[in-house]
Amino acid sequence: CSVAMAAAPSAVSLSLFRPLLAVDAVEGDWFAVVSDGSVRIEIVEWPAQDLVLEAGGVISVQLYLAEDEAQFRRGEGRHFAEVHVPASAAEADRPGGGLLRHWLGLQRGVRSV
């Protein structure tokens, strides 16, 4: 999973790119839920660019597989993995703002911090 974040004083702009797999074969299409604790965004199209989230919290990205968008929106997607990243990581890496880009290696069924 590839994530790009740009920091501003009170917000983080997040772009999320379609997961790439090197080992597991998966069935279905990729979907995601991104949240900062107060805002919840469902990702049904890739890439998801310029998602605005609060800078003070923790950004959660949950990846799901589903046969189609309708199955995902009904809450019937299969959880694949999730990661939690402090929004402050963008600011810490680039004082004064700027762009932070990371590849996140996620394992099926594992919650990463």
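Keep in mind that what you see is a predicted model, and the values were worked out from it rather than measured.

A.B. asks: What should I look at first to understand the nonpolar core in this one?
C.D. replies: As a rule of thumb, soluble globular proteins bury nonpolar side chains together. Judged by nonpolar contacts, the single largest core of 21 residues is most densely connected at Leu16, Val34, Ile43 and Ile59. At four residues, the largest contribution of residues to this core is made by strand β6 (residues 58-66). Look past the residues within four positions of valine 34 in its chain and what remains in contact with it is Leu14, Leu16, Val39, Arg40, Ile41, Ile43, Leu51, Leu53, Ile59, Ser60 and Val61. Counting residues in each nonpolar core, the second largest holds five residues, with Phe31, Val33, Tyr64 and Phe72 among its members.

A.B. asks: Just to check I follow, could you spell out the packing of aromatic side chains for this structure?
C.D. replies: One pair of aromatic rings is described through two measures. These are the centre distance and the angle between the planes. Considering all chains together, one arrives at three aromatic pairs under this definition. Ring geometry for phenylalanine 31 versus phenylalanine 72: centroids 4.9 Å apart, planes at 10°, classification stacked. Separated by 41 residues along the polypeptide, phenylalanine 31 in strand β3 (residues 29-35) and phenylalanine 72 in helix α1 (residues 69-73) bring together distant segments of the chain. Neither phenylalanine 31 nor phenylalanine 72 differs from the other in exposure class; each is buried. An aromatic cluster is present here, built from Phe31, Tyr64 and Phe72 joined pairwise through their rings.

A.B. asks: Explain the environment of arginine 78 here, please?
C.D. replies: Along the polypeptide, arginine 78 turns up in strand β7 (residues 78-86). Taking the C-alpha atoms as reference points, arginine 78 and leucine 65, separated by 13 residues in sequence, lie 5.1 Å from one another. The residues contacting arginine 78, other than those within four sequence positions of it, are Glu27, Gly28, Leu63, Tyr64, Leu65, Ala66, Glu67 and Gln71.

A.B. asks: What's the story with unusual backbone geometry in this structure? I'm lost.
C.D. replies: Outside of glycine, negative phi angles account for most residues, and trans bonds account for most peptide bonds. Put simply, tryptophan 46 and proline 47 share a cis peptide bond, and its omega is -10°. You can see proline 47 is positioned in the loop between β4 (40-43) and β5 (48-54).

A.B. asks: I'm lost on the environment of serine 60 in this one. Help?
C.D. replies: By the element assignment, serine 60 lies in strand β6. Once the C-alpha coordinates of serine 60 and proline 86 are considered, the two residues, 26 residues apart in sequence, prove to be 8.7 Å apart. Excluding residues within four positions of it along the chain, serine 60 makes contact with Val33, Val34, Ser35, Val83 and His84. Of the polar contacts made by the side chain of serine 60, one reaches the side chain of histidine 84; its length is 2.7 Å.

A.B. asks: Could you clarify how one ought to interpret the pattern of salt bridges in this entry?
C.D. replies: Opposite charge on two side chains lets them pair, provided their charged atoms get close. This model, assessed by the stated rule, comprises five salt bridges. Measuring nitrogen to oxygen at the nearest pair gives 2.9 Å for the salt bridge that ties arginine 40 to glutamate 42. Close ionic contact of arginine 73 with glutamate 69 constitutes a salt bridge, the shortest N to O distance being 2.8 Å. Taken as a pair, arginine 73 and glutamate 69 lie in helix α1 at a separation of four residues, close to a single helical turn. Exposure remark for glutamate 69: the relative accessible area of 36% places this residue in the partly exposed category. Members of the salt-bridge network, linked through shared partners, are Arg40, Glu42, Glu69 and Arg73.

A.B. asks: Any chance you could explain the pairing of β3 here in plain terms?
C.D. replies: Side-chain positions along a regular strand alternate between the two faces of the sheet. With respect to burial, β3 is a largely interior element, six of its seven residues being buried. Of the strand pairs in this sheet, β3 and β4 are connected by four bridges, and their pairing is antiparallel. Residue serine 35 lies in a different strand from β4, and its bridge partner there is arginine 40. From the end of β3 to the start of β4, which pair antiparallel, there are four residues, and glycine 37 there has a positive phi angle of about 100°.

Parameters and conventions
- Residues numbered from 1 in each chain as written.
- Predicted model: local features only at pLDDT ≥ 70, side-chain atom pairs only at ≥ 80, totals over all residues.
- Heavy atoms only, no water.
- Core = buried A, V, L, I, M, F, W, Y, C linked by side-chain atoms within 4.5 Å.
- Buried < 20%, exposed > 50% of the residue type's maximum accessible area, 1.4 Å probe, protein only.
- Helix = DSSP H or I, 4+ residues; strand = E, 2+ residues; numbered from the N terminus.
- Contact = heavy atoms within 4.5 Å.
- Phe/Tyr/Trp six-rings, centres within 6.5 Å; stacked < 30°, edge-to-face > 60°.
- Polar contact = N/O pair within 3.5 Å; in protein donor to acceptor, adjacent residues only side chain to side chain.
- Salt bridge = Lys/Arg side-chain N within 4 Å of Asp/Glu carboxyl O.
- Pairing = 2+ DSSP bridges.

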